[in-house]
Amino acid sequence: MVRSSEDNEKKNLVNKLKDVEISAPIVYGNIAFWLGKKASEYQSHKWTVYVRGATNEDLSVVVKRVVFQLHSSFNNPTRVVESPPFELSESGWGEFEIAITLHFHSDVSERPLHLYHHLKLYPEDDSGSMSVKKSVVVESYDEVVFSEPSEGLFARVQGHPAVIVPRLPAGFSLPPVSAEDADKRKRMDPKDNPLTQWFTIFSEADELLKLAAARQQVQAQIARVRRQLTLIDGQHQQQLKPPSEL
Amino acid sequence: MDAKDILGLPKNSLPIPPEKKSRPQKDSQRKPDGISREVYALTGGVPPPLMPSLDVNQLKKRQKTENEKITWEWLSFTSSARKDDLKLYHWVRVVNGTPPTGDYSFAKYNKSVDVIKYTDEEYEKHLTDPMIILLCQEWTKEETDELFELCERFDLRFVVIADRFSTSRSVEELKNRYYSVSRTILIARAPSPADVSGHPLVKDPYNISQEVDRKRALSMVLSQTKHQERKDAEVLSEAKKIMETRMAAKAAQDAELADTSNASPERMEKAAAAAETASPSNIQATSGVAPLMSIAENAAAAAASLRTLKVYLRTYALDQMVQAASSSAGLRTIKRVEQFLQELKVNLKPKVPTKAVCAEHLELRKEILTLLNLQKLLQTKEEGSSYREVSYTETPDTPKGLHCVIDQDRTFVPDSVSFRAISTERVGKRDQKRKGPGREAPSSPAQSNKRPRKLKATDS
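About the thresholds
- Residues numbered from 1 in each chain as written.
- Chains lettered and ligands numbered in written order.
- Predicted model: local features only at pLDDT ≥ 70, side-chain atom pairs only at ≥ 80, totals over all residues.
- Heavy atoms only, no water.
- Helix = DSSP H or I, 4+ residues; strand = E, 2+ residues; numbered from the N terminus.
- Buried < 20%, exposed > 50% of the residue type's maximum accessible area, 1.4 Å probe, protein only.
- Contact = heavy atoms within 4.5 Å.
- Areas by Shrake-Rupley, 256 points an atom, 1.4 Å probe, with all protein chains shown as cover.
- Polar contact = N/O pair within 3.5 Å; in protein donor to acceptor, adjacent residues only side chain to side chain.
- Buried area = accessible area lost by both parts, 1.4 Å probe.
- Salt bridge = Lys/Arg side-chain N within 4 Å of Asp/Glu carboxyl O.
- Nonpolar A, V, L, I, M, F, W, Y, C, P; charged D, E, K, R; others polar.
- Pairing = 2+ DSSP bridges.
- Axes fitted to C-alpha atoms, helices over the stretch in contact; angles between N-to-C directions.
- Parallel < 35°, antiparallel > 145°, perpendicular 65-115°, else oblique.
- pLDDT = per-residue confidence, 0-100.
- Left-handed = near helix turned anticlockwise from the far one by under 90°.
- Expected span 1.5 Å × (residues − 1).
- Arc of directions from axis to C-beta.

**Overview of the overall build of chain A**
Turning to step 1, where the next piece is worked out: If you tally the helices and strands in chain A, you get four helices and eight strands.
Turning to step 2, where the next piece is worked out: Scored against the burial criterion, the 246 residues of chain A give a buried share of 42%.
Turning to step 3, where the next piece is worked out: Long-range contacts, defined here as pairs at least 24 residues apart, represent 70% of the contacts in chain A between residues at least 6 apart.
Turning to step 4, where the next piece is worked out: On chain A, roughly 13700 Å² of surface is accessible, and the fraction owed to carbon and sulfur atoms is 53%.

**Some words on the side chain of Glu-122 of chain B**
Residues and elements named next belong to chain B.
Turning to step 1, where the next piece is worked out: By the element assignment, Glu-122 lies in helix α4 (residues 120-127).
Turning to step 2, where the next piece is worked out: Taking relative accessible area as the criterion, Glu-122 reaches 17% and is therefore assigned buried.
Turning to step 3, where the next piece is worked out: Here Arg-189 takes part through its side chain, which lies 3.0 Å from a polar atom of the side chain of Glu-122.
Turning to step 4, where the next piece is worked out: In this view, Glu-122 contacts Lys-117, Leu-127, Ile-185 and Arg-189; residues no more than four positions away in its chain are not counted.

**Examining the interface of chain B and chain A**
Turning to step 1, where the next piece is worked out: If you look at the interface, chain B gives 57 residues, while chain A gives 59 residues.
Turning to step 2, where the next piece is worked out: Taking both sides of the interface into account, the surface hidden between chain B and chain A amounts to around 5800 Å²; carbon and sulfur atoms contribute 58%.
Turning to step 3, where the next piece is worked out: Run the count over chain B and chain A and you get six salt bridges.
Turning to step 4, where the next piece is worked out: At the boundary of chain B with chain A, the tally comes to 17 residue pairs in polar contact (both at pLDDT 80 or more).
Turning to step 5, where the next piece is worked out: Among the elements of the structure, α2 (17-30), α13 (280-309), β3 (311-313), α14 (314-325), α16 (355-386), α18 (415-428) and α19 (450-455) of chain B are those that each provide at least two residues to the side of chain B that touches chain A.
Turning to step 6, where the next piece is worked out: In terms of residue class, the side of chain B that touches chain A is made up of 24 nonpolar, eleven polar and 22 charged.
Turning to step 7, where the next piece is worked out: Bridge analysis of strand β8 (residues 135-147) of chain A against β3 of chain B gives three bridges, and the strand direction is antiparallel. Within β3 of chain B, the position partnered with Val-145 of chain A by the bridge is Tyr-312 of chain B.

**A look at the packing of helix α5 (residues 141-154) of chain B against helix α7 (residues 171-189) of chain B**
Residues and elements named next belong to chain B.
Turning to step 1, where the next piece is worked out: Axis separation between α5 and α7 bottoms out at 11 Å; the angle between their running directions is 90°. Of the possible angle classes, the one that applies to α5 and α7 is roughly perpendicular. Contact residues: Thr-144, Leu-147, Phe-148 and Cys-151 in α5; Leu-174, Arg-177, Tyr-178, Val-181 and Ser-182 in α7.
Turning to step 2, where the next piece is worked out: Residue composition of the contact of α5 with α7, by class: six nonpolar, two polar and one charged.

**Overview of the pairing of strand β2 (residues 45-53) of chain A**
Residues and elements named next belong to chain A.
Turning to step 1, where the next piece is worked out: Most of β2 sits inside the fold, with eight of its nine residues counted as buried.
Turning to step 2, where the next piece is worked out: Taken together, the nine bridges between strand β1 (residues 21-34) and β2 define a ladder with antiparallel strand orientation. Residue Ile-31 lies in a different strand from β2, and its bridge partner there is Thr-48.
Turning to step 3, where the next piece is worked out: Bridging between β2 and strand β5 (residues 86-92) involves seven bridges; their strand directions are antiparallel. Within β5, the residue paired with Val-51 across the bridge is Phe-86.

**Quick notes on the sheet that holds β5 of chain A**
Turning to step 1, where the next piece is worked out: Across the sheet, which stays open at both edges, the five strands sit in the order β5(A)-β2(A)-β1(A)-β8(A)-β3(B) with antiparallel pairing between neighbours. The sheet is open, and its two edges are formed by β5 of chain A together with β3 of chain B, each paired on a single side. Mean inter-strand twist for the sheet, computed between neighbouring axes without regard to direction, equals 20°.
Turning to step 2, where the next piece is worked out: Here α14 of chain B sits on the sheet and contacts β1 and β8 of chain A together with β3 of chain B; the angle it forms with β3 of chain B, its principal contact strand, is near 80°.

**Concerning the confidence of the model for chain A**
Residues and elements named next belong to chain A.
Turning to step 1, where the next piece is worked out: Across chain A, the average pLDDT comes to 81, with 80% of residues at or above 70.
Turning to step 2, where the next piece is worked out: Averaged pLDDT values over the elements of chain A bottom out at 46 in helix α3 (residues 179-187) and peak at 93 in strand β4 (residues 78-81).
Turning to step 3, where the next piece is worked out: Between residues 179-190, whose pLDDT stays under 50, and residues either more than four places distant or in other chains, the model counts twelve contacts.

**Thoughts on the packing of α7 of chain B against helix α10 (residues 208-222) of chain B**
Residues and elements named next belong to chain B.
Turning to step 1, where the next piece is worked out: Interhelical geometry of α7 versus α10 gives an angle of 155° and a closest axis separation of 10 Å. By the angle between their axes, α7 is roughly antiparallel relative to α10. α10 is crossed by α7, and the crossing has right-handed handedness. Counting all contacts with α7, which are made through Val-171, Glu-172, Glu-173, Lys-175 and Asn-176, the residues of α10 involved are Ile-208, Glu-211, Val-212 and Lys-215.
Turning to step 2, where the next piece is worked out: Across the contact of α7 with α10, the residue classes tally to three nonpolar, one polar and five charged.

**With respect to helix α15 (residues 331-343) of chain B**
Residues and elements named next belong to chain B.
Turning to step 1, where the next piece is worked out: In a regular helix each residue adds 1.5 Å, so 13 residues correspond to 18 Å; α15 covers 18 Å between its end C-alpha atoms and thus fits that length.
Turning to step 2, where the next piece is worked out: All of the buried residues along α15 are Thr-333, Arg-336, Val-337, Phe-340, Leu-341 and Glu-343. All buried residues of α15 lie within an arc of 160° about the axis, which places them on one face of the element. Pointing more than 90 degrees away from the buried face of α15 are the exposed residues Leu-331, Arg-332, Lys-335 and Gln-342.
Turning to step 3, where the next piece is worked out: Looking one or two residues beyond α15, the residue adopting positive phi is Lys-345, at roughly 60°.

So this is what it looks like as structure tokens:
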């Protein structure tokens, strides 16, 4: 009796939720510090490239490991980071493109996802006032979208701060979350990362406001042009009528 | 070696790992040949492009033949390609005293065409030409004989043959006579018609009228003016669009998109029917309708492809949807949309691409496309109406340099609306090259603060 219900649960966990998407907002980028007195010709900066949750939450709920592919002049240019925080620190002098590959847990996806980030060490204003205190930070915001996740995955990530999970329509029932997972969630909250002070906070509010304003303008202009078109059509109608009828 | 053994030192010195570590990093990031790093930075971190030098290893090694003695001798030779016994001389590579044997190496290239030779009886039986082709006379035996002799001599190069032919015949006529004669002889000589039915001469006979037409058409295309070329290109692109919408309608029916496929095939049929009347205004209307149809299908296809991906980045998804939405727009239109976005102070790629932001961005782009299409439509309608109006009235605020069309419309349109329409037209169509004198400034003093007015959200 017990076995059959367990089997049923396992089957349900694999079912895909149609027209549902969950997303994990991430920020990836680098932060670099000039080494000042300690800088040599080939080790002038210390930099860290990373992938983090947008609100500094723990991404390991979906991400299994992250692979950073560095410039071939680095020793072992393929660096794998197996646990959060998914970051890599190195020292050097050159800026180059880093290929970041996110590998997910098996219930999330079999295929990895690729990101590209251009490592920035030197500040935009090359006025030359380099300071050891000043850091150069370049971050990009993006969201990893998981389309039609399995029920098991949905249940697992529900409630986790790193993942945006929509409310399911009525009628869906999910298997309960095991107590183990809940515990793990509480433990791994890396709020004590020293780099946190430099992280940018991305807010969608600004962009949404601008977009809404822009849309209103465009809609107003569309209405105007439509009015003109109908007026012209009206003119044409008049002109087509023979003079006797006017 | 023995000394080292005695002293107890290791035979090979140990490699020094740390030096090697830093050196490779130095070398490849530095890129060799003693250019200092600062110079490197000037050129942008990449060496100035040079031709890659030849790697010596890639070149073939010279084959040294030490066991043979090679001399070169000036010897005579004959060629089987010649009918006489002319002896010519050339340098020959002699190996170990024995000259090479064999025919002249280029003799094998002496190929010629097998031109059919008919006898006189055959001529009288089959080939006397009863037909009078086009304007000229029929073919006499002398002419036919001459033709065949020239064909043999010049290897069927009809242009040369036409040049040398005694009577003036066109290339098509010569070809026609030659091929029809050859065909007739072939069929006549064959034991049964079935034997020769596979022969290319029999299978595809020369069609003189088709050839004449084809060459005429080619010469017309070659001598087309630029104006005509453009017109042709436009008509072809309209036709292509209509074909594509029909294809898309078919694809939509096959796919499992119930809503779009229900609506679009009916509209597709009407659009297709309208298009077949082939009048310009109809083509305009259907091309207006058709892109909207194809956009719906493209968007659905893009969404489906994203769903199959399962895991993707939202920026990637936005790119796909933007591409799908602009699929019917040309490159110029896409650039204008981007210009518009920049004027509205909106990022071309959102800095914070959340679900809501991406959706809004996509909708905004679609609306801008709609606006641009409507403006284009308005422009063509105004151009159409300019031919109808004769008088044009001047309102006090109108500078003289304005386009006549807009002035004429003003008599029917209230001032406020028309002014703003012009300003939006002007702003939206900045890359239009239709500039008259004195048009740089805003249309009237009252509109001097055009820019800030445009940016207000409530601008009715």
